[in-house]
Amino acid sequence: EVIAAKPIEGSAAIAGLAGLALGAKALFDYNKGLTELNNKLSSLGVAAEEISKVRSAIQATAETYDKDFKEIAEKANSLSKTYGISMSEANRIIAEGLASGGAQNEEFLDSLGEYDEFFAKAGYSAKEFSDIINTGYDLGIYSDKLPDALKEADLSLKENTKSTRDALVNAFGASFSDDILNKVKTGELTTKQALDAIALKAQESNLSQQQYAQLTADVFK
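All of the points below concern the structure found in this document.

To continue, consider helix H4 (residues 87-99). Over its 13 residues, H4 runs 18 Å from end to end, which matches the ideal 18 Å to within 8%, given 1.5 Å per residue. Downstream of H4 by a residue or two, Gly101 has a phi angle that is positive, lying close to 130 degrees.

Here is the structure:
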């Protein structure tokens, strides 16, 4: 005996169709979203075979720290090109920077995009650059004041202005000061190496408050 299937009542059938429609729309929207993200990465020069991996990594960073995917992608692209590293590596550095305090600093991502070329030329790695931005925030030096101070120091040392030399000589004497300035001028020392040497010398010397003040004013402006 063949038992006829019980017909689905009208409301249940409509609900089922609506559920299918909603599911299909959600899938369409999801795929559309992936396409947009893929197109963004493609426009930044990410190779087709790398897009899926890079997209997943950047999505994870953006979602974890409640940031915009496109902004993270653009900053990672800038770091990647400036430092000659992969997008995935650049994203990792950004994620670590956000985890170390950058997520609370509204200027973190802006500073990454504005100062990366300068810090690379000055001899700082991408990780050191990110750490410096966070150090400024930790010290209460908000906005881009710390990166900007280091940029001013870079110009002061390379231009070898009279005020810069006077401040160094006043603190450390002519021999050390002229050696540092000449090596920066010839490229034998990067700005980072010169500042590291100055910081070490400052620790070894018993500088007065006046000497520290003059160094700050005439080297870091």
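That covers the picture; the talk isn't over yet.
A few words on the packing of helix H9 (residues 174-186) against helix H10 (residues 191-204). Put simply, H9 and H10 touch, their axes get as near as 10 Å, and they point 165 degrees apart. One finds that H9 runs roughly antiparallel with respect to H10. Crossing of H9 over H10 shows right-handed handedness. Together, Phe176, Ile180 and Val184 of H9 and Ala194, Ala197, Ile198 and Lys201 of H10 make up the contact between the two elements.

A separate point is helix H2 (residues 51-64). For H2, built from 14 residues, the straight-helix expectation of 20 Å at 1.5 Å per residue is met to within 8% by its first-to-last C-alpha distance of 20 Å. Restricting attention to buried positions, one finds in H2 the residues Ile51, Val54, Arg55, Ile58, Thr61 and Ala62. For H2, the angular spread of the buried residues around the axis is 130 degrees, confining them to a single face. In H2, those exposed residues whose orientation departs by more than 90 degrees from the buried face are Lys53, Glu63 and Thr64. Downstream of H2 by one or two residues, Asp66 has phi in the positive range, about 55 degrees.

Counted under the stated rule, the structure contains 11 salt bridges. The partner of Glu128 in a salt bridge is Lys192, with the nearest N and O atoms 3.7 Å apart. Linking Glu128 in helix H6 (residues 126-138) with Lys192 in helix H10, this pair joins segments that are 64 residues apart in sequence. Among the residues examined, Lys192 registers a relative accessible area of 17% and is labelled buried. Where Asp166 meets Lys162, a salt bridge forms, and the shortest distance between an N and an O atom there is 2.7 Å. Note that Asp166 and Lys162 are positioned in helix H8 (residues 162-172) at a spacing of four residues, about one turn of the helix. According to the relative accessible area criterion, Asp166 is partly exposed, its value standing at 29%. Under the relative-accessibility criterion, Lys162 is labelled exposed at 63%.

With that out of the way, let us pick up unusual backbone geometry. We note that Asp66 has phi near 55 degrees; this positive angle belongs to a residue other than glycine. Inspection of the secondary structure puts Asp66 in the loop between H2 and helix H3 (69-83). Even without glycine at this site, Asn160 takes up a positive phi of about 50 degrees. Counting through the fold element by element, Asn160 comes out in the loop between helix H7 (145-159) and H8.

About the cut-offs
- Residues numbered from 1 in each chain as written.
- Predicted model: local features only at pLDDT ≥ 70, side-chain atom pairs only at ≥ 80, totals over all residues.
- Heavy atoms only, no water.
- Helix = DSSP H or I, 4+ residues; strand = E, 2+ residues; numbered from the N terminus.
- Expected span 1.5 Å × (residues − 1).
- Axes fitted to C-alpha atoms, helices over the stretch in contact; angles between N-to-C directions.
- Parallel < 35°, antiparallel > 145°, perpendicular 65-115°, else oblique.
- Left-handed = near helix turned anticlockwise from the far one by under 90°.
- Contact = heavy atoms within 4.5 Å.
- Buried < 20%, exposed > 50% of the residue type's maximum accessible area, 1.4 Å probe, protein only.
- Arc of directions from axis to C-beta.
- Salt bridge = Lys/Arg side-chain N within 4 Å of Asp/Glu carboxyl O.

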